[in-house]
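A look at the structure
Listed below, chain by chain, are the residues.
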Amino acid sequence: MIKNLGIGTGRRKTSVARVYIRDGNGKIVINGKELNQYFPQGEHAMMVRQPLMVTSSENKYDILINVYGGGINGQAGACLHGLSRALCQVDQTNYTALRSNGYLTRDPRMVERKKYGQAGARKRFQFSKR
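Overview of the structure. Keep in mind that this is a model prediction, so the values were computed, not measured.

1. Some thoughts on the sheet that holds strand E2 (residues 15–23)
One open sheet holds the five strands; their spatial order is E1-E2-E5-E3-E4, and the pairing between them is mixed. With partners counted over all chains shown, the strands left at the sheet margins are strand E1 (6–12) and strand E4 (33–34), one partner each. For strand E3 (residues 28–30) and E4, the ladder comprises two bridges, and the chain directions are antiparallel. Within the sheet, the bridge partner assigned to Val29 lies in E4 and is Glu34.

2. Considering the pairing of strand E5 (residues 61–68)
Covered by surrounding structure in E5 are Tyr61, Ile63, Ile65 and Val67 only, the residues Asp62, Leu64, Asn66 and Tyr68 on the alternate face being uncovered. Relative to E5, E2 is paired through eight bridges, and the arrangement is antiparallel. When the bridges of E5 are listed, Val16 appears paired with Tyr68. Sheet topology places E3 next to E5; three bridges connect them, and they run parallel. Bridged to Ile28 within E5 is Ile63.

3. Section: the environment of Asn25
Positionally, Asn25 belongs in the loop between E2 and E3. Its relative accessible area of 56% is what places Asn25 among the exposed residues. As a C-alpha pair, Asn25 and Leu104 span 79 residues in sequence and 24 Å in three-dimensional space. If we skip the residues at most four places from it in the chain, Asn25 touches Asn59, Tyr61 and Asp62.

Rules used in this analysis
- Residues numbered from 1 in each chain as written.
- Predicted model: local features only at pLDDT ≥ 70, side-chain atom pairs only at ≥ 80, totals over all residues.
- Heavy atoms only, no water.
- Pairing = 2+ DSSP bridges.
- Helix = DSSP H or I, 4+ residues; strand = E, 2+ residues; numbered from the N terminus.
- Buried < 20%, exposed > 50% of the residue type's maximum accessible area, 1.4 Å probe, protein only.
- Contact = heavy atoms within 4.5 Å.

Next comes the structure, spelled out in structure tokens:
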């Protein structure tokens, strides 16, 4: 049986990521796929790896992530947030480095709801004078 060292839940927009950290050699698996397969664009894969780089633990742990909801950008942000929380659980000395880079703060920005009598959240229907 493989023992989880740390578990973290990350959220961004409408995405939720559950992150499990185990002893290993740096393999990251997201929803059953390798990191570079799940996030083919380099910027999203880089975003997920950032907490590992800040804490200098790229090749210490194997990471398993289950993420759902939202789009690709929100999912990458949720993975970053969850991984940061899990790394804090594994080793408390990681806290200051992760906090100073802002990785432990949940991004509160959400999509504004559409209002009735309008075309969107802020946009109005076209005004006709005559």
